[in-house]
Amino acid sequence: MTLSIYKKNKEDLNPKPDENRLGFGQYFSDHMFTMIYKDGGWQQGKIEPYGNFSLDPAAMVLHYGQAIFEGLKAYRGKDGKIHFFRPKDNLSRFNRSASRMCMPEIDVDEVYAGIRALVEIEQDWVPSAQGATLYIRPTMIATEPALGVRPSREYIFFVILSPVGAYYPEGFNPVKIFVTDKYVRAVRGGVGEAKTAGNYAASIMAAIEAQEQGFTQVLWLDACDRKSIEEVGTMNIFFVIGDELITPPLSGSILPGITRDSVLKITREWGLNVVERNITIDEVMAASLDGSLKEVFGSGTAAIISPVGSLHYKDQEIVVNGGQTGELSQKLFDDLQAIQFGYKEDKNGWVDLL
Ligand SMILES: *Cc1c(COP(=O)(O)O)cnc(C)c1O
């Protein structure tokens, strides 16, 4: 793909934020990648200064919600180079989301080349502070100005970059989870397995109600019986019960996480007894009572691994592993980070250097 590149003048570049106070998604780099879909095809991609879009008020995304996104990271490796972690897996998942939402697919290789070119231009935005990374957000929205529910004929695809801090700057802080049986996130046959904007809009009310009661995250149950565990917030979830590591199967209503897949591969390499199977909240509560529930943790690109300290379901509160980070959670977090930052051999070919 030929790419047109319009760079800002040096004197117009934004000052870099303090790497030790990045937080998440607060700062954006100087340039973005954009590509327009029109007349049945994608036009040439562009790298241009980060800035506002001009959208027609009738743009279909504003009315009917065709919007999808991805989230991946670039890491400043031990070698000083920039490391991408499983980038093409994110772009392939983006295409599965596109297909589910009747949006056009992108060319994974061309878009990945565009992302590499963008990150190369923005390399000074890849932080070096411990645990800090450059979060990459590819997005596509429907832009055709038209009312009426049908697929848009025009789209804009874009990629923006945000330097983000270590998720746990002071070490792990196990999260308190509220298990909701009042709200549901997604239903089989719906769009739960697509990273589409509406899923997140739909989840906000449950998250706020949980936060008002002092919980950090919501654990979602299946939409039919409200018994089977689905996922937590924007992470997949794992349980250690007895000698089994259990995670719910990809049944159509949960997001097929790339971190989830990495955890499954690593723990299977370690020879653990790993199963993808249906698991109910009742089974988890019972396992807590009989002492067989050892650990619970979430997995996702932002936090990598998020240990769960307690679960609140109906009027019961169970504490997991004394509210402390479990051994496996810690080991997985350390291992994944070591692969991503290049401290450990990447046996699976997950890391791509810039
Ligand atoms: C993005 C996301 C995940 C985690 O996926 P990763 O590829 O591991 O980052 C899990 N659940 C939901 C709902 C998500 O949006």
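### Focus on the overall build of the protein chain
Argument step 1. Counting its regular elements, the protein chain contains 7 helices and 19 strands.
Argument step 2. Over its C-alpha atoms the protein chain spans a radius of gyration of 21 Å, differing by no more than 12% from the 20 Å that the globule rule assigns to 354 residues.
Argument step 3. The principal-axis extents of the C-alpha atoms in the protein chain amount to approximately 60 × 50 × 35 Å.
Argument step 4. Here the protein chain holds 354 residues, and the buried ones make up 52% of them.
Argument step 5. At a minimum sequence separation of 6, the contacts of the protein chain that also span at least 24 residues come to 71%.
Argument step 6. A total of about 16,200 Å² of accessible surface is found on the protein chain, and carbon and sulfur atoms cover 49% of it.

### What to know about the site of the ligand
Argument step 1. Around the ligand sit 14 residues, and of these Lys195, Tyr200, Glu231, Thr259 and Thr301 come closest.
Argument step 2. The side chain of Lys195 places a nitrogen or oxygen atom 2.7 Å from an oxygen atom of the ligand.
Argument step 3. Protein burial of the ligand: of its 380 Å² of free accessible surface, 96% is covered by the chains.
Argument step 4. Of all the cavities here, the one that holds the ligand is the largest pocket.
Argument step 5. A class-by-class count of the residues in the shell around the ligand yields 4 nonpolar, 6 polar and 4 charged.

### Describing the packing of helix 2 (residues 87–100) against helix 3 (residues 108–121)
Argument step 1. Close contact between helix 2 and helix 3 brings their axes to 10 Å; oriented N to C, the two are set at 125°. Considered as vectors, helix 2 and helix 3 are oriented oblique to each other. Considering only the axes of helix 2 and helix 3, their crossing is right-handed. Contact residues: helix 2 offers Pro87, Lys88, Leu91, Ser92 and Asn95, while helix 3 offers Val108, Asp109, Val111, Tyr112 and Ile115.

### A closer look at the domain arrangement of the protein chain
Argument step 1. Segmentation of the protein chain into domains returns domain 1 (4–164) and domain 2 (175–341).
Argument step 2. Centre-to-centre, using C-alpha coordinates, domain 1 lies 28 Å away from domain 2.
Argument step 3. Listed by partner, the interface residues are 27 residues for domain 1 and 22 residues for domain 2.
Argument step 4. Carbon and sulfur atoms supply 58% of the area buried between domain 1 and domain 2, which totals about 2,000 Å² over both sides.
Argument step 5. The largest contributions to the domain 1 side of the interface with domain 2 come from Phe69, Phe85 and Arg93, which together make up 29% of the buried area.
Argument step 6. Linking domain 1 to domain 2 there are 1 salt bridge.
Argument step 7. In this structure, the salt-bridge partner of Asp261 is Arg86, at a minimum N-O distance of 2.8 Å.
Argument step 8. Only strand 5 (67–69), strand 6 (72–76), strand 7 (82–85), helix 2 and strand 8 (133–142) provide two or more residues apiece to the side of domain 1 that touches domain 2.
Argument step 9. In terms of residues, the side of domain 1 that touches domain 2 owes the most to one element, helix 2, which gives 6 residues.
Argument step 10. Across the side of domain 1 that touches domain 2, the residue classes tally to 10 nonpolar, 8 polar and 9 charged.

Quick notes on the rules
Every chain's residues receive numbers from 1 upward, in the order its sequence appears when written. Side-chain atom pairs in this predicted model are given and counted only at pLDDT of 80 or more, local residue features only at pLDDT of at least 70, and totals for whole chains, interfaces and linings cover all residues. Excluding hydrogens and water, the side-chain figures rest on all heavy atoms present in the structure. Only runs of H or I of at least four residues qualify as helices and only runs of E of at least two qualify as strands under DSSP, and these elements are numbered from the N terminus. In this treatment the radius of gyration is a C-alpha quantity, and the globule benchmark scales as 2.2 Å times the residue count to the 0.38 power. Burial here depends on accessible area, computed with a 1.4 Å probe over protein chains only, as a share of the maximum for the residue type. Under 20% is buried, over 50% is exposed, and the range in between is partly exposed. When checking whether two residues touch, look at their non-hydrogen atoms; a contact exists if any pair is within 4.5 Å. Method for areas: the Shrake-Rupley scheme with a 1.4 Å probe, in which residue coverage is limited to the protein chains shown. Any residue with a heavy atom lying within 4 Å of a molecule or strand is counted as near it. Think of a polar contact as two N or O atoms within 3.5 Å of one another; within protein, one of them needs to be a possible hydrogen donor and the other a possible acceptor, and neighboring residues in sequence only count if both atoms come from side chains. Note on definitions: the grid is 1 Å and covers protein atoms alone; a cavity is a set of points where a 1.4 Å probe fits but cannot get out; a pocket is an open set with protein on both sides within 12 Å along at least five of seven lines; lining residues have an atom within 4 Å of a point. For a cavity or pocket, the test is whether more than half of a molecule's atoms lie within 2 Å of its grid points; if they do, the molecule sits there. Following the grouping adopted for this structure description, the nonpolar residues are Ala, Val, Leu, Ile, Met, Phe, Trp, Tyr, Cys and Pro, the charged ones are Asp, Glu, Lys and Arg, and the polar ones are all others, Gly among them. Fitted lines through C-alpha atoms serve as axes, helices being fitted only where they are in contact, and the angles separating the N-to-C directions of these axes extend from 0 to 180 degrees. Relative orientations are named as follows: roughly parallel for angles under 35 degrees, roughly antiparallel for angles over 145 degrees, roughly perpendicular for angles from 65 to 115 degrees, and oblique for any other angle. By definition, any crossing whose near helix is turned counterclockwise from its far helix by less than a right angle is left-handed, and any crossing with a clockwise turn is right-handed. Where each domain starts and ends comes from a domain assignment, either automatic or drawn from a database. Note on terms: buried area is the combined drop in 1.4 Å-probe accessible area of two parts once they are placed together, counting the loss on both. We count a salt bridge whenever a side-chain nitrogen from Lys or Arg sits within 4 Å of a carboxyl oxygen from Asp or Glu.

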